[in-house]
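Take a look at the letters that make up each chain.
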Amino acid sequence: MKTLLSWSSGKDSAWALHVLRQRHPGAVAALLTTINEAVQRVAMHAVRRDVLEAQAAAAGLPLRIVPIPDPCSNDEYEARMRVCVEQVMRDGFTHVAFGDLFLEDVRRYRERNLAGTGLTPLFPLWQIPTPQLAAEMIGGGLRARLACVDTRVLDASFAGREFDASLLTDLPAGIDPCGENGEFHTCVYAGPMFDRPLEIATGEAVTRPPFSWRDFRPV
């Protein structure tokens, strides 16, 4: 196995790396992230590229970046990802792993796009109950902060908060504890997938409805 892991900068992809290393030691060979090329931030999460690069260094893995325009149509996104897929196949990768939890339509989309490429999709966290998974992450030493919240379902004040037991207690009813429905996204700075914790400073909050982001900078 030579596995490329889809890396969002958040807790699910980070925990997927931890689980994959336990199941298949040495198999994960690189991380893959899409970057908004105009602002050099992780798509959706808005995590800075220098934080992303620090995460990859702490994980001890090379980082493959696919730049995407803003706005980006689905056709353009898929065209750029096809170029990436062709490259990783030439480089001998056999699998692509994702941190998806339970959204069937997302899984089908990924499987459909990889069908016929020779790359096998992996979903190491699939259908683990999210209250259990959130507790396992926190208990296992993963540390993250909320980088983005959907203000239609969460107050903007949640952006920047620590992903911990206190946060889980404070989430309103109906909010998935792992944010799998897009309620929030995270930025990981420590955990068993890293050889050292990252030092990150919390910067300003920016709200552009319907989302609110908290900026993080490496120290």
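What you are looking at is a predicted structure, and each value in this text was computed from that prediction instead of being measured. (Residues numbered from 1 in each chain as written. Predicted model: local features only at pLDDT ≥ 70, side-chain atom pairs only at ≥ 80, totals over all residues. Heavy atoms only, no water.)

Topic: the pattern of salt bridges
Thinking step 1. A complete count under the given rule lists 14 salt bridges for this structure.
Thinking step 2. Ionic pairing is found between Glu-37 and Arg-80, a salt bridge with its closest N-O pair at 3.3 Å. Remark: Arg-80 occurs in helix α3 (residues 74–90) and Glu-37 occurs in the loop between β2 (28–36) and β3 (41–42); sequence separation between them is 43 residues.
Thinking step 3. Residue Glu-37 is classed as partly exposed on the basis of its relative accessible area of 35%.
Thinking step 4. Since its relative accessible area comes to 25%, Arg-80 is described here as partly exposed.
Thinking step 5. Two residues, Asp-215 and Arg-217, come together in a salt bridge whose shortest N-O distance is 4.0 Å.
Thinking step 6. Residue class for Asp-215 comes out buried when judged on its relative accessible area of 9%. (Salt bridge = Lys/Arg side-chain N within 4 Å of Asp/Glu carboxyl O. Helix = DSSP H or I, 4+ residues; strand = E, 2+ residues; numbered from the N terminus. Buried < 20%, exposed > 50% of the residue type's maximum accessible area, 1.4 Å probe, protein only.)

Some thoughts on helix α5 (residues 130–139)
Thinking step 1. All of the buried residues along α5 are Thr-130, Leu-133, Ala-134, Met-137 and Ile-138. When α5 is viewed along its axis, its buried side chains cluster within an angular range of 130° and face the same direction. Away from its buried face by more than 90 degrees, α5 exposes Pro-131 and Gly-139.
Thinking step 2. In this structure, the buried side of α5 is in contact with α1 (11–23), β7 (143–150) and α6 (165–170).
Thinking step 3. Just beyond α5, the residue with positive phi is Gly-141, at close to 100°. (Arc of directions from axis to C-beta. Contact = heavy atoms within 4.5 Å.)

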